[in-house]
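Structural overview
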Amino acid sequence: MKLKVLITLALLPLPFGACAAPPESSLRPSARAETGAPAPGAERQERRGLGLGRVLRPKQRGEGVRIFASKRQRAIRRGMVCGDPSIQGETVGRVPGKINGCGVNDAVRLRSVAGVTLSQRAVVDCGTAKALKTWVETGMKPALGQRGGGASQIRVAAHYACRTRNSKTGAKISEHGKGRAIDVAGIRLKDGSEINVLNHWGRGWRGRALKQMHARACGPFGTVLGPAADRYHRDHFHFDTARYRAGTYCR
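Rules used throughout
Residues numbered from 1 in each chain as written. Predicted model: local features only at pLDDT ≥ 70, side-chain atom pairs only at ≥ 80, totals over all residues. Heavy atoms only, no water. Helix = DSSP H or I, 4+ residues; strand = E, 2+ residues; numbered from the N terminus. Areas by Shrake-Rupley, 256 points an atom, 1.4 Å probe, with all protein chains shown as cover. Axes fitted to C-alpha atoms, helices over the stretch in contact; angles between N-to-C directions. Parallel < 35°, antiparallel > 145°, perpendicular 65-115°, else oblique. Left-handed = near helix turned anticlockwise from the far one by under 90°. Contact = heavy atoms within 4.5 Å. 1 Å grid on protein atoms, 1.4 Å probe; cavity = no way out; pocket = protein on both sides within 12 Å on 5 of 7 lines; lining within 4 Å. Points joined across faces, edges and corners; volume = space filled by probe spheres on them. Nonpolar A, V, L, I, M, F, W, Y, C, P; charged D, E, K, R; others polar. Phe/Tyr/Trp six-rings, centres within 6.5 Å; stacked < 30°, edge-to-face > 60°. Buried < 20%, exposed > 50% of the residue type's maximum accessible area, 1.4 Å probe, protein only. Lys NZ or Arg CZ within 6 Å of the ring centre and 35° of its normal. Expected span 1.5 Å × (residues − 1). Arc of directions from axis to C-beta. Disulfide = S-S within 2.5 Å. Salt bridge = Lys/Arg side-chain N within 4 Å of Asp/Glu carboxyl O. pLDDT = per-residue confidence, 0-100.

Re the overall build of the protein
Counting secondary structure elements, the protein contains seven helices and ten strands. Entry remark: accessible area of the protein is about 16400 Å², with carbon and sulfur atoms responsible for 53%.

This is how it looks when you write it as structure tokens:
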């Protein structure tokens, strides 16, 4: 009778919510280490090994740009003359003249003006340097536009020189002898081509650009001479900052 009761109890269903003993083998996924997946932090270490961890974040890139810009601004300030960062060169100071009437009180040696380099460093005073900058920005660059990529260099034919006008004996001292003049023979473009006064004056688009440059120099400079002035200026423009009662002298 007891055996029959025990058998009957064993065959009854389990009450709702009751659990059987869990099997020895779990149905959960095996540990990552057992399946070959990387351990926590391993991916980060691998990225560092490949150099990926050194990629600059946006904030760091922004800081790098600011540092570069700051260094560039300091370099520009170191190279500026006449109190203008777009006029680059070095201060010379007093330049004594070898003959009476020559010399410059506060000379500078120009390297570039308004982003355009000079073919040779030109010694002038600040008034002439500023006039040249005005001409480059309002005369030369607009006349060229984007032809050849724009201007890259001004070919300087003459700057300070202690001499008389046109080097004639007994003539008045040239404005070159006072640091107030600069002669421009041509312009080099960014594509390597050139426009020069001797070969291109009055010829094609280059000639038209040269005439526009010549006309727009009248105002920033007190004297503007070109190929139409005389035989001494067939191959260059003469610009100086001498002022006359009658106004600007342009030929």
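Looking at the packing of helix 5 (residues 126-144) against helix 7 (residues 204-217)
Packing of helix 5 against helix 7 brings their axes to within 8 Å, and their N-to-C directions diverge by 160°. The pairing of helix 5 with helix 7 is recorded here as roughly antiparallel in orientation. Judged by the twist between their axes, the crossing of helix 5 over helix 7 is right-handed. Counted together, Trp 135, Thr 138, Gly 139, Met 140, Pro 142, Ala 143 and Leu 144 of helix 5 and Ala 209, Gln 212, Met 213, Arg 216 and Ala 217 of helix 7 form the full contact between these two elements.

Some remarks on the layout of surface pockets
The space that makes up the largest pocket amounts to roughly 450 Å³. Considering the residues around the largest pocket, the lining is formed by 20 residues, among which Arg 165, Asn 166, Leu 225, His 233 and His 238 are closest to the centre. Counting only elements with at least two residues in the lining of the largest pocket, the list comes to strand 8 (223-225) and strand 9 (237-240). Residues of the lining of the largest pocket, tallied by class, amount to five nonpolar, eight polar and seven charged.

Concerning the packing of aromatic side chains
Using the criterion set out here, one finds four aromatic pairs in the structure. Measuring from centroid to centroid gives 4.8 Å for Phe 221 and Phe 239, while their planes differ by 20°, and the two rings are stacked. In this pair, Phe 221 is assigned in the loop between helix 7 and strand 8 and Phe 239 in strand 9, connecting sequence segments 18 residues apart. Classification of Phe 221 by relative accessible area gives buried; the value is 0%. Note on Phe 239: relative accessible area 0%, which makes it buried. Connected via pairs of aromatic rings, a cluster forms that spans Trp 135, Trp 201, Phe 221, Phe 237 and Phe 239. In this structure, Arg 147 packs its charged tip against the face of Trp 205, placed 4.3 Å from the ring centre.

Here we look at helix 7
Along its 14 residues, helix 7 runs 20 Å from first to last C-alpha, staying within 8% of the 20 Å computed at 1.5 Å per residue. Buried within helix 7 we find Gly 207, Ala 209, Leu 210, Met 213, His 214 and Ala 217. The buried side chains of helix 7 occupy one side of the element, clustering within an arc of 160° when seen end-on. Contact partners of the buried residues in helix 7: helix 5, strand 6 (181-189), strand 7 (194-196), helix 6 (197-200), strand 8 and strand 9.

A short note on the state of the cysteines
Here the structure, examined in full by the defined rule, presents three disulfides. There is a disulfide in this structure between Cys 102 and Cys 162, and the S-S distance comes to 2.3 Å. An S-S torsion of about 105° defines the bridge between Cys 102 and Cys 162 as right-handed. Here Cys 102 is found in the loop between strand 2 (84-96) and strand 3 (103-113), whereas its partner Cys 162 is found in the loop between strand 5 (151-158) and strand 6, with 60 residues between them in sequence. By relative accessible area, Cys 102 is classed as buried at 10%. A sulfur-sulfur distance of 1.9 Å marks the disulfide that ties Cys 218 to Cys 250. With Cys 218 in the loop between helix 7 and strand 8 and Cys 250 in strand 10 (residues 249-250), this pair connects stretches of sequence that are 32 residues apart. Assigning the bonded cysteines of the protein consecutive numbers by sequence position, one obtains the connectivity 1-3, 2-4, 5-6.

Structural notes on the pattern of salt bridges
Using the criterion set out here, one finds six salt bridges in the structure. A salt bridge links Arg 121 to Glu 90; the shortest N-O distance between them is 4.0 Å. With a gap of 31 residues between them, Arg 121 in strand 4 (residues 116-125) and Glu 90 in strand 2 connect regions that are remote in the sequence. Using a relative accessible area of 35% as the deciding quantity, one classes Glu 90 as partly exposed. We note a salt bridge from Arg 188 to Glu 194, for which the minimum N-O separation is 2.8 Å. Overall, the relative accessible area of 33% leaves Arg 188 in the partly exposed class. Residues joined by salt bridges that share partners form a network here, namely Glu 90, Arg 109 and Arg 121.

Observations regarding the confidence of the model for the protein
In this model, the protein carries an average pLDDT of 82, and 70% of its residues clear a pLDDT of 70 or more. Confidence drops under a pLDDT of 50 for residues 1-12, and excluding neighbours within four residues, the segment shows zero contacts in the predicted structure. Taken as a whole, residues 14-35 scores under 50 in pLDDT and shows two contacts with residues more than four places along the chain or in a different chain.

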